[in-house]
Amino acid sequence: MPILRSRAELRGALQSLPRPTLVPTMGHLHAGHLALVARAREFGAPVVASVFVNRLQFGAGEDFERYPRDLRRDAGLLEQAGCDYLYAPDEADMYPVPQTFHVSPDPRLAGELEGAVRPGHFQGVTTVVLKLLQLAQPAIAVFGKKDYQQLLLVRAMVEQFALPVRIEGVETVREPDGLAMSSRNSYLGAAQRAQAPQLQQALRRLAAQLPDCRSLQRLQAAQDAACDWLRERGWQPDYLSVRRRADLQQPQADELGRTGTLVVLGAARLGSTRLLDNLEL
Ligand code: PAF
């Protein structure tokens, strides 16, 4: 599997091929990423995975510097998974001049949940995704549903800018104990790792309360109780929130009883590791 280190090499490799399917990643790959590659392969076009730790989407004091990087390991996993090309630019190739133009995502979507806790995060994500789409010109790009809000924002950007790409979402891959696979799971010590499935359990507990939540006040109380449940176990929750799947806004009271339209999203810190997860209802 060729490793393309620059946009010139990427263009050269792809120029006479059908438009590829792109799997954008920040590396430190796990089975969740490999499921994205497996889905990408089903479309029959050449599969390009990108590995790039995008400084723009990290805030001050976040884990940009310590984000795990091991390109040889990632390349080996991608090759085994049947990926055709790895695009692994360095920062000078992705941002040869300082990125002074940015995507400005809709604050109603980008300012909520993750965006409220990590201001500017989705501007950084959408800017690099737009750039990756421009560079690789894929017909299809594949994203995981674990980053639920990211997936919605990418879809909205593609629609609003009429980008000629189809966005494919893939279900979250979980460890046997329910923990959503994430590159950041490797930050967890053994005791924290044993505790980590509690985030998914908290989402499930909250989801189980929903039939009793006939008003927004009761929903808020259930969300607060789910946060307390995590706090009692040593977590620092940022949010546990029931939202509409379509736009991640808060549901109206009459929407609470419906299935197929809501999602519970959660983010919480265990020690210095921040994990997120979601559960479609
Ligand atoms: O989901 C990720 O790993 C990143 O946010 C992405 C989409 C590769 C953009 O840097």
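These figures come from a predicted structure and were not determined experimentally.

Novice: Is there a simple way to think about the overall build of the chain in this case?
Specialist: For the chain, the count of helices and strands is eleven helices and nine strands. Radius of gyration (C-alpha) of the chain: 19 Å, near the 19 Å computed for a compact globule of 281 residues. Reported as C-alpha extents along the three principal axes, the dimensions of the chain are approximately 60 × 40 × 35 Å. Counting 33 positive and 31 negative side-chain charges, the chain places the centres of these two groups 1 Å from one another.

Novice: Sorry, what's going on with the side chain of threonine 127 here?
Specialist: Along the chain, threonine 127 turns up in helix α7 (residues 121-136). Setting aside its immediate chain neighbours within four residues, threonine 127 contacts Leu56, Gln99, Phe101, His102 and Val103.

Novice: Hey, could you run me through the packing of aromatic side chains in this one?
Specialist: Here a ring pair, both rings aromatic, is described through the centre-centre distance and the interplanar angle of the planes. Under the criterion given, the structure shown has three aromatic pairs. Look at phenylalanine 58 and phenylalanine 64: their rings are 5.4 Å apart centre to centre, the planes differ by 65°, and that puts the pair in the edge-to-face class. The exposure class of phenylalanine 64 is buried, given its relative accessible area of 9%. Clustering of aromatic rings is evident, with ring pairs tying together Phe58, Phe64 and Tyr67. Lying over the aromatic face of phenylalanine 64, arginine 69 brings its terminal NZ or CZ to 4.9 Å of the ring centre.

Novice: Can you help me understand the side chain of arginine 184 in this one?
Specialist: By the secondary structure assignment, arginine 184 is in the loop between β6 (166-170) and α9 (190-195). The exposure class of arginine 184 is buried, given its relative accessible area of 16%. Beyond its immediate stretch of four places on either side in the chain, arginine 184 contacts Phe58, Asp63, Tyr67, Arg118, Thr273 and Arg274.

Novice: Before we go on, may I ask you to explain the site of the ligand in this structure?
Specialist: All residues in the neighbourhood of the ligand are listed as Pro24, Thr25, Met26, Asn54, Gln57, Val128, Phe143, Asp147 and Gln150. Side-chain polar atom of glutamine 57 to an oxygen atom of the ligand: 2.6 Å apart, as the coordinates give it. Calculation on the ligand without its partners gives an accessible area of 290 Å², and the protein chains cover 90% of this total. A per-class count over the shell around the ligand returns four nonpolar, four polar and one charged.

Novice: What should I look at first to understand the sheet that holds strand β2 (residues 21-25) in this one?
Specialist: As a general point, the strands of a sheet are linked pairwise by backbone hydrogen bonds and lie either parallel or antiparallel. What the six strands build is an open sheet, ordered β1-β4-β3-β2-β5-β6; its pairing is parallel. With partners counted over all chains shown, the strands left at the sheet margins are β1 (3-4) and β6, one partner each.

Novice: Quick question: what am I supposed to make of unusual backbone geometry here?
Specialist: Negative phi characterises most residues that are not glycine, and trans characterises most peptide bonds. The phi torsion at glutamine 137 lies on the positive side, around 50°, for a residue other than glycine. Mapped onto the secondary structure, glutamine 137 falls in the loop between α7 and β5 (140-144). Even without being a glycine, leucine 248 presents a positive backbone phi close to 60°. If you trace the backbone, leucine 248 turns up in the loop between β7 (235-244) and β8 (262-270). Leucine 248 gets classed as buried once you look at its relative accessible area, which sits at 0%.

Novice: What's the story with the pairing of β6 in this structure? I'm lost.
Specialist: Remark: a regular strand shows side chains that alternate across the two faces of the sheet. Where β5 meets β6, five bridges bridge the pair, whose relative direction is parallel. Opposite valine 142, over in β6, you have glutamate 168 as the bridge partner. Crossover handedness for the path β5 to helix α8 (residues 148-160) to β6: right-handed.

Novice: Would you mind going over the nonpolar core with me for this structure?
Specialist: General note: in soluble globular proteins, nonpolar side chains tend to be found buried as a group. Ranked by size, the top nonpolar core spans 41 residues in total, and within it Leu10, Tyr87, Met94, Val129, Leu133, Ile167 and Leu248 carry the most contacts. Within the residue set of this core, elements represented by two or more residues are α1 (7-14), β4 (85-87), α5 (107-110), α7, β5, α8 and β8. The next biggest cluster of nonpolar side chains, apart from the first, holds 26 residues, and it includes Leu199, Cys213, Leu256 and Leu279.

Novice: Hey, could you run me through the pairing of strand β3 (residues 47-51) in this one?
Specialist: Most of β3 sits out of view: five of its five residues are buried. Of the two faces of β3, both are covered, the one formed by Val47, Ala49 and Val51 as well as the one formed by Val48 and Ser50. Pairing of β2 with β3 involves five bridges; the strand directions are parallel. Pairing of valine 23 across the sheet is with alanine 49, part of β3. In this region the chain leaves β2, passes through helix α2 (residues 31-41) and returns to the parallel neighbour β3; the handedness of that crossover is right-handed. Pairing between β3 and β4: three bridges, direction parallel. Paired with valine 48 across the strands is tyrosine 85, a residue of β4. For the crossover that starts at β3, traverses helix α3 (residues 71-81) and ends in the parallel β4, the hand is right-handed.

Definitions and cut-offs
Residues numbered from 1 in each chain as written. Predicted model: local features only at pLDDT ≥ 70, side-chain atom pairs only at ≥ 80, totals over all residues. Heavy atoms only, no water. Helix = DSSP H or I, 4+ residues; strand = E, 2+ residues; numbered from the N terminus. Rg over C-alpha atoms; globule rule 2.2 N^0.38 Å. Lys, Arg positive; Asp, Glu negative; His and termini not counted. Charge placed at Lys NZ, Arg CZ, Asp CG, Glu CD. Contact = heavy atoms within 4.5 Å. Phe/Tyr/Trp six-rings, centres within 6.5 Å; stacked < 30°, edge-to-face > 60°. Buried < 20%, exposed > 50% of the residue type's maximum accessible area, 1.4 Å probe, protein only. Lys NZ or Arg CZ within 6 Å of the ring centre and 35° of its normal. Near = heavy atom within 4 Å. Polar contact = N/O pair within 3.5 Å; in protein donor to acceptor, adjacent residues only side chain to side chain. Areas by Shrake-Rupley, 256 points an atom, 1.4 Å probe, with all protein chains shown as cover. Nonpolar A, V, L, I, M, F, W, Y, C, P; charged D, E, K, R; others polar. Pairing = 2+ DSSP bridges. Right-handed = clockwise from strand over helix to strand, strands pointing away. Core = buried A, V, L, I, M, F, W, Y, C linked by side-chain atoms within 4.5 Å.

This is a description of form; function is not addressed.
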